Amino acid sequence: MNTARKDVCRLLRFYSGAPGAKPKKVQKTVDPRRTFKVYRFDGIITKAQPQMKNYDLDVSTCGKMVLDALIKIKDMDPTLAFRRSCREGICGSCAINLQGKNCLACITEIPPDKTITIYPIPHMYVIRDLVVDMTHFFNGYDSIRPYLIRHDRSKSLGKHQYAQSVEDNAKLVGLYECVLCACCSTSCPSYWWNGRRFLGPATLLHAYRWVVDSRDEDTEARLYDLKDDFAVFRCHTIMNCSLACPKGLTPHVYIALLKRLISKIDKKPRPSLETLKYASGNK
Amino acid sequence: MAFYCCARLSNKSVMGTLTKFNTVIRTAQYAQSAAVPKITFKQYEEPKVEPYDDKNARLQRPMSPHLTIYKPQLTSLLSVTHRAAGMLLSGYITALGVGALVLPHDVAHYVTMIEGLNLSPATIFLAKAMLAAPFGYHFANGMRHLYWDTAKGLTIKEVYSTGYAMLAGAVAITIFLAAL
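What comes next is a walk through the structure. (Residues numbered from 1 in each chain as written. Chains lettered and ligands numbered in written order. Predicted model: local features only at pLDDT ≥ 70, side-chain atom pairs only at ≥ 80, totals over all residues. Heavy atoms only, no water.)

### Focus on the interface of chain B and chain A
- Of the residues lining the interface, 31 residues belong to chain B; the matching set on chain A comes to 44 residues.
- Carbon and sulfur atoms make up 65% of the surface buried where chain B meets chain A, a total of about 3500 Å² over both sides.
- Counting the contacts that link chain B with chain A gives two salt bridges.
- The salt bridge partner of Asp133(A) is Arg61(B), with a shortest N-O separation of 3.1 Å.
- Linking chain B to chain A there are 17 residue pairs in polar contact (both at pLDDT 80 or more). (Contact = heavy atoms within 4.5 Å. Buried area = accessible area lost by both parts, 1.4 Å probe. Salt bridge = Lys/Arg side-chain N within 4 Å of Asp/Glu carboxyl O. Polar contact = N/O pair within 3.5 Å; in protein donor to acceptor, adjacent residues only side chain to side chain.)

### Structural notes on the packing of aromatic side chains
All names here are of chain A.
- In the structure shown here, the tally under the stated rule is nine aromatic pairs over all chains.
- Aromatic side chains tyrosine 39 and tyrosine 119 sit 5.9 Å apart centroid to centroid with 50° between the ring planes, which places their arrangement in the tilted category. Of this pair, tyrosine 39 sits in strand β1 (residues 33-40) while tyrosine 119 sits in strand β5 (residues 115-119), and the two are 80 residues apart along the sequence.
- Tyrosine 39 gets classed as buried once you look at its relative accessible area, which sits at 5%.
- Since its relative accessible area comes to 15%, tyrosine 119 is described here as buried.
- Ring geometry for tyrosine 208 versus tyrosine 254: centroids 5.6 Å apart, planes at 25°, classification stacked. You can see tyrosine 208 sitting in helix α6 (residues 200-212) and its partner tyrosine 254 sitting in helix α9 (residues 251-262), a full 46 residues away along the chain.
- Of the residues examined, tyrosine 254 reaches a relative accessible area of 15% and is grouped as buried. (Phe/Tyr/Trp six-rings, centres within 6.5 Å; stacked < 30°, edge-to-face > 60°. Helix = DSSP H or I, 4+ residues; strand = E, 2+ residues; numbered from the N terminus. Buried < 20%, exposed > 50% of the residue type's maximum accessible area, 1.4 Å probe, protein only.)

### Brief notes about unusual backbone geometry
- The residue Lys47(A) is not glycine, and still its phi comes out positive at about 60°.
- Mapped onto the secondary structure, Lys47(A) falls in the loop between β1 and β2 (51-58).
- For Lys47(A), a relative accessible area of 73% puts it in the exposed group.
- Notably, Asn118(B) is not glycine yet its phi reads approximately 55°, a positive angle.
- The topology assignment puts Asn118(B) in the loop between α6 (107-116) and α7 (121-149).
- On the basis of relative accessibility, which here comes to 69%, the residue Asn118(B) falls in the exposed class.

### Quick word on the packing of helix α3 (residues 135-143) of chain A against α6(A)
Residues and elements named next belong to chain A.
- Interhelical geometry of α3 versus α6 gives an angle of 20° and a closest axis separation of 9 Å. It follows that α3 is roughly parallel to α6 by the angle criterion. Note that α3 runs across α6; the crossing there is right-handed. Each of Phe137, Gly140 and Tyr141 in α3 lies in contact with α6, whose residues at this interface are Ala202, Thr203 and His206.
- Across the contact of α3 with α6, the residue classes break down as three nonpolar, three polar and no charged. (Axes fitted to C-alpha atoms, helices over the stretch in contact; angles between N-to-C directions. Parallel < 35°, antiparallel > 145°, perpendicular 65-115°, else oblique. Left-handed = near helix turned anticlockwise from the far one by under 90°. Nonpolar A, V, L, I, M, F, W, Y, C, P; charged D, E, K, R; others polar.)

What follows is the structure, given as structure tokens:
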């Protein structure tokens with residue numbers, strides 16, 4: 001009786017999308033001949049409407065990942081356009097919406113379903129098929145000054161090594177791995193409605209990454225720039241972002257911590273190792 | 001040579017006035033322009049960056065589908081229900097306020113009116129439960145939101161487990177309020 005209840009709970013968790021809850025016994029063997037429904041739009045020149053096209057593909061003839069399937073479909077229909085580069089989940093180019101959830105095509109296995117629906121990432125202007133206009137996403141990222149800033153009057157930037165303790169470096173784990181694929185930001189309904197002024201989970205993750213870096217000295221200015229109604233506080237802890245992240249990061253946690261830093265409930269701790277300790281070049 | 005040097009040292013307009021020495025001057029001018037290229041400055045114009053929305057509106061690009069295709073997940077469902085419950089509660093308060101201003105009779109009159117309908121206790125319980133549901137849900141989820149504002153309970157596992165616990169709590173509060 002107990003195992004039956006556990007199975008139900010596990011299946012409930014799986015179908016509700018909670019990560020890390022895979023059904024152990026339900027290994028349904030699906031016929032490898034699948035149907036891929038792909039969003040197609042031939043570009044503004046053709047004046048055609050976006051539509052869904054069906055492609056029948058035997059997934060045993062291509063690799064395991066959705067990107068392999070897309071490449072195979074492109075062999076069948078060369079007019080299909082999609083972004084891809086590294087095929088290992090590090091460049092962030094191939095973000096798509098697969099079966100209703102955002103993911104990176106190159107590191108997501110083809111799901112064991114008969115029909116597989118592929119859309120471009122939600123609420124973005126479509127250039128062609130699965131290629132979307134990412135300009136404002138990257139503009140938002142640039143606006144948070146994603147680089148190290150030190151208040152260095154002696155103009156010796158780059159001449160000295162900046163020391164950082166192991167504990168301070170560990171704070172950056174879970175922050176530096178972000179590949180700016182936009183899966184999280186485009187899964188956030190708040191970013192859908194307020195995308196021009198709300199920065200979105202990806203950018204806020206990086207904003208927190210630079211605020212919390214012990215070597216950065218511009219914390220006050222960074223937090224002041226984020227202190228308005230829209231940049232950070234359009235986040236209503238919906239948490240679609242962390243469910244969507246293909247790298248397993250949790251933007252919503254860092255946004256919550258960032259909100260506490262902005263509203264001065266928390267303060268950034270001093271670096272545990274003097275940053276210019278080895279500045280003279282000696283050990 | 002001296003004449004040539006004068007041509008280099010003086011500016012061109014002075015040269016232009018010496019029309020008597022046409023051919024010589026012209027060759028001297030040519031020599032000057034060959035030696036010293038004329039530098040002109042254009043006013044700096046910032047590159048015009050077209051705003052994102054304007055550019056896409058001009059190009060009439062379609063928007064990729066969002067609400068219609070995105071998978072409903074517990075996180076987004078609970079969040080949107082929280083907002084809907086909040087709007088319903090605002091509606092209740094507005095109705096109460098406006099009703100107090102506008103309606104001719106007091107609350108007791110309307111309660112007697114509803115009692116006069118002689119509905120079964122089950123119907124009355126259901127009606128009260130439906131009215132109390134937004135409050136129960138919004139209250140329980142509100143507690144969860146305040147817990148998140150302390151930056152605690154934010155792992156996905158905890159979000160899901162507190163979500164289910166919250167739903168149970170919401171049902172409990174609703175039943176309690178409906179039974180009053």
